[in-house]
Amino acid sequence: MHTPSPQTPTRSVAGNVIRGSLGNLIEWYDWYAYAAFSIYFASVFFPSGNQTAQLLNTAGIFAVGFLVRPIGGWLFGRYADRFGRRAALTVSVTLMGIGSLSIALLPGYDRIGALAPILLVAARLLQGLSLGGEYGTSATYLSEVATPHRRGFYSSFQYVTLTSGQLLALGVQIVLQQLLTSAQMHAWGWRIAFVIGAAAAVTVMWLRRTMDESENFKQAAAANTDNTERGSLRLLLSYPRQCLTVMGLTLGGTIAFYTFTTYMQKFMINTAGLPKEQVAWINFAALLLFVCLQPVFGALSDRIGRRPLLIAFGVTATLGTVPLLSAVAQAQSALPAFGLMMLGLIIVSGYTSINAVVKAELFPAPIRALGVGLPYALTVAIFGGS
């Protein structure tokens with residue numbers, strides 16, 4: 001449904017993909033830093049007592065961040081369809097940086113009492129708005145600037161950088177664990193991760209300002225100088241089948257992805273009983289290999305099509321998730337836990353590597369960013385965070 005300009009050189013395509021993807025990486029680093037370091041700052045923002053209760057409180061705030069993502073998907077999708085992908089992506093990474101800096105500087109419960117968790121929620125809501133707009137707009141941008149015969153390959157870099165953001169958060173966690181004592185990590189060490197995220201967001205903001213706007217958006221804007229229709233809910237509702245398709249794909253893919261990435265870390269610690277430091281290394285190694293799989297699966301979809309990969313993902317995830325989690329619960333050491341997690345991530349790759357291009361190809365340019373972003377964010381808000 002959309003084709004980049006044939007005159008666009010490959011080097012320009014690669015450069016735009018890299019600059020757009022770096023922003024995606026930092027956005028997701030900031031988002032996942034919360035999950036990775038919540039085991040350390042849970043006691044800072046909530047009253048002392050039961051550790052499980054503190055972790056549940058921070059996990060609840062993680063879920064709250066998902067609830068505002070549909071608003072972000074609507075606001076930024078509408079903005080991207082009306083005023084450009086580049087402008088929307090620049091604003092989204094700026095908001096994420098503000099949220100991270102706020103968390104880094106936020107006083108604890110012992111200093112400001114109940115105001116601490118309230119402000120933590122506020123910062124997380126800001127990040128949720130940002131990320132809600134990031135997904136749909138970056139998926140749209142990557143698919144639009146890619147050359148047609150390599151659209152699956154280039155679009156796969158959305159999850160390359162998405163997962164690299166989580167990988168970077170885990171890497172920072174591992175480094176800090178080596179440099180600081182457990183007491184220092186709980187007291188103030190975790191704040192370093194959010195300072196890093198805020199500083200990186202400022203850098204990426206300037207990089208995104210130098211990206212080329214996609215030709216698809218330029219053509220859509222030129223064809224319709226009155227932009228009140230572009231990015232409108234009224235126009236979006238004229239594509240009900242496409243919206244339902246995005247929601248259906250996101251439902252299965254989101255649950256599977258968060259099960260084997262974000263939730264797996266806590267599952268290995270609380271259920272399998274593996275040490276925190278060991279679990280961090282398991283997650284780091286598995287996610288590193290998962291990143292490498294994305295362009296491989298994306299390139300494969302350019303050869304054999306998207307449908308076979310999606311069908312393979314759906315069947316294997318449905319039949320294999322419960323047995324895999326049951327086996328992880330019984331894992332007594334790092335090696336079998338790593339192998340089981342890796343098997344789950346291979347299954348998930350059938351969705352993650354191509355989901356951006358599959359969804360973007362469903363909509364025309366005037367409604368593409370909103371069409372991808374809003375149905376996705378609604379589904380993730382309901383099923384991903386919970």
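### Description of the pattern of salt bridges
Right, on to step 1. Scanning the entire structure with this criterion turns up eight salt bridges.
Right, on to step 2. Among the charged side chains, a network of salt bridges with common partners joins Asp-81, Arg-85, Glu-144 and Arg-368.

### Quick look at the environment of Val-64
Right, on to step 1. Position of Val-64 among the secondary structure elements: in helix H2 (residues 51-67).
Right, on to step 2. Taking relative accessible area as the criterion, Val-64 reaches 27% and is therefore assigned partly exposed.
Right, on to step 3. Sequence spacing of Val-64 and Pro-295 is 231 residues, and the spatial spacing of their C-alpha atoms is 32 Å.

### Notes on empty space enclosed by the protein
Right, on to step 1. Evaluated as defined, the whole model comprises one cavity of 30 Å³ or more.
Right, on to step 2. In this structure, the largest cavity occupies an estimated 50 Å³ of space.
Right, on to step 3. Tyr-32, Ala-35, Ala-36, Gln-166, Leu-170, Thr-261, Thr-262 and Gln-265 together form the lining of the largest cavity.
Right, on to step 4. Of all elements in the fold, only helix H1 (10-45), helix H8 (157-179) and helix H13 (262-270) reach the threshold of two or more residues within the lining of the largest cavity.
Right, on to step 5. No other element matches the three residues that H1 contributes to the lining of the largest cavity.
Right, on to step 6. Split into classes, the residues belonging to the lining of the largest cavity amount to four nonpolar, four polar and no charged.

### Re the packing of aromatic side chains
Right, on to step 1. With the rule as written, the count across this model stands at 19 aromatic pairs.
Right, on to step 2. Their ring planes at 65° and their centres at 5.1 Å tell us that Tyr-34 and Phe-41 sit as a pair that is edge-to-face.
Right, on to step 3. Through pairs of rings, three or more aromatic residues link up here, namely Tyr-159, Phe-257, Tyr-258, Phe-290, Phe-313 and Tyr-351.
Right, on to step 4. The ring of Trp-31 carries Arg-124 above its face, with NZ or CZ at 3.8 Å from the centroid.
Right, on to step 5. Note that Arg-150 overlies the ring of Phe-153, its terminal NZ or CZ placed 4.4 Å from the centroid.

### Quick notes on a nonpolar patch on the surface
Right, on to step 1. Together, Ile-71, Trp-74, Leu-75 and Leu-233 make up a nonpolar patch on the protein surface, roughly 330 Å² of accessible area in all.
Right, on to step 2. Relative to the assigned elements, Leu-75 resides in helix H3 (residues 69-83).

### Some thoughts on the nonpolar core
Note that soluble globular proteins tend to have their nonpolar side chains buried in a common cluster.
Right, on to step 1. Counting 89 residues, the largest nonpolar core has Phe-37, Phe-41, Phe-45, Trp-190 and Met-268 as the members making the most contacts within it.
Right, on to step 2. When near neighbours in sequence (up to four residues on either side) are disregarded, Phe-45 contacts Leu-106, Pro-107, Gly-108, Tyr-109, Ala-116, Pro-117, Leu-120 and Trp-190.
Right, on to step 3. Of all hydrophobic cores here, the second largest spans ten residues; its members include Val-13, Tyr-141, Val-145 and Ala-146.

### A word on the environment of Asn-57
Right, on to step 1. If you trace the backbone, Asn-57 turns up in helix H2.
Right, on to step 2. As for Asn-57 and Ala-221, which are separated by 164 residues in sequence, their C-alpha atoms are 45 Å apart.

### Considerations on the side chain of Arg-191
Right, on to step 1. By secondary structure assignment, the location of Arg-191 is in helix H9 (residues 182-208).
Right, on to step 2. Despite its burial, Arg-191 pairs with no opposite charge, the nearest such side chain being Asp-110 at 7.1 Å.
Right, on to step 3. In terms of polar contacts, Arg-191 uses its side chain to reach the backbone carbonyl oxygen of Leu-106, at 2.7 Å.
Right, on to step 4. If near-sequence neighbours (up to four positions away) are discounted, Arg-191 is found in contact with Val-44, Ile-103, Ala-104, Leu-105, Leu-106, Pro-107 and Gly-108.

### As for H3
Given 3.6 residues per helical turn, the α-helix brings residues three or four places apart onto the same face.
Right, on to step 1. Given a rise of 1.5 Å per residue, 15 residues ought to cover 21 Å, and the 20 Å separating the end C-alpha atoms of H3 matches this to within 8%.
Right, on to step 2. Looking only at H3, the buried set comprises Arg-69, Pro-70, Gly-72, Gly-73, Phe-76, Gly-77, Ala-80, Asp-81 and Arg-82.
Right, on to step 3. Just downstream of H3 lies Gly-84, where phi reads positive at about 120°.

### Remarks on the side chain of Gln-294
Right, on to step 1. Tracing the backbone shows Gln-294 in helix H14 (residues 276-304).
Right, on to step 2. At a separation of 2.7 Å, a polar atom in the side chain of Gln-294 contacts the side chain of Thr-352.
Right, on to step 3. Once you skip the residues sitting within four places of it in the chain, Gln-294 turns out to touch Ser-156, Tyr-159, Val-160, Ser-349, Thr-352 and Ser-353.

### Details of the packing of H3 against helix H4 (residues 85-105)
Right, on to step 1. At their nearest, the axes of H3 and H4 sit 7 Å apart, and the two run at 145° to each other. Facing H3, whose interface residues are Phe-76, Tyr-79, Ala-80, Asp-81 and Phe-83, H4 presents Arg-85, Ala-87, Ala-88, Val-91, Ser-92 and Leu-95.
Right, on to step 2. The residue makeup of the contact of H3 with H4, split by class, is eight nonpolar, one polar and two charged.

### So, the packing of helix H12 (residues 240-260) against helix H15 (residues 306-329)
Helix-helix packing is described using two parameters, namely the angle between the two axes and the distance between the axes.
Right, on to step 1. At a closest axis distance of 11 Å, the pairing of H12 and H15 adopts a crossing angle of 40°. By the angle between their axes, H12 is oblique relative to H15. Crossing of H12 over H15 shows left-handed handedness. Here Leu-249, Gly-252, Gly-253, Ala-256, Thr-259 and Phe-260 of H12 lie close against H15, whose contacting residues are Leu-310, Phe-313, Thr-321, Leu-324 and Leu-325.
Right, on to step 2. Of the residues contributing to the contact of H12 with H15, the split by class is seven nonpolar, four polar and no charged.

What counts as what
Residues numbered from 1 in each chain as written. Predicted model: local features only at pLDDT ≥ 70, side-chain atom pairs only at ≥ 80, totals over all residues. Heavy atoms only, no water. Salt bridge = Lys/Arg side-chain N within 4 Å of Asp/Glu carboxyl O. Helix = DSSP H or I, 4+ residues; strand = E, 2+ residues; numbered from the N terminus. Buried < 20%, exposed > 50% of the residue type's maximum accessible area, 1.4 Å probe, protein only. 1 Å grid on protein atoms, 1.4 Å probe; cavity = no way out; pocket = protein on both sides within 12 Å on 5 of 7 lines; lining within 4 Å. Points joined across faces, edges and corners; volume = space filled by probe spheres on them. Nonpolar A, V, L, I, M, F, W, Y, C, P; charged D, E, K, R; others polar. Phe/Tyr/Trp six-rings, centres within 6.5 Å; stacked < 30°, edge-to-face > 60°. Lys NZ or Arg CZ within 6 Å of the ring centre and 35° of its normal. Patch = residues over 30% accessible without salt bridge, like charges linked within 9 Å, V, L, I, M, F, W, Y side chains within 5 Å. Areas by Shrake-Rupley, 256 points an atom, 1.4 Å probe, with all protein chains shown as cover. Core = buried A, V, L, I, M, F, W, Y, C linked by side-chain atoms within 4.5 Å. Contact = heavy atoms within 4.5 Å. Lys, Arg positive; Asp, Glu negative; His and termini not counted. Polar contact = N/O pair within 3.5 Å; in protein donor to acceptor, adjacent residues only side chain to side chain. Expected span 1.5 Å × (residues − 1). Axes fitted to C-alpha atoms, helices over the stretch in contact; angles between N-to-C directions. Parallel < 35°, antiparallel > 145°, perpendicular 65-115°, else oblique. Left-handed = near helix turned anticlockwise from the far one by under 90°.

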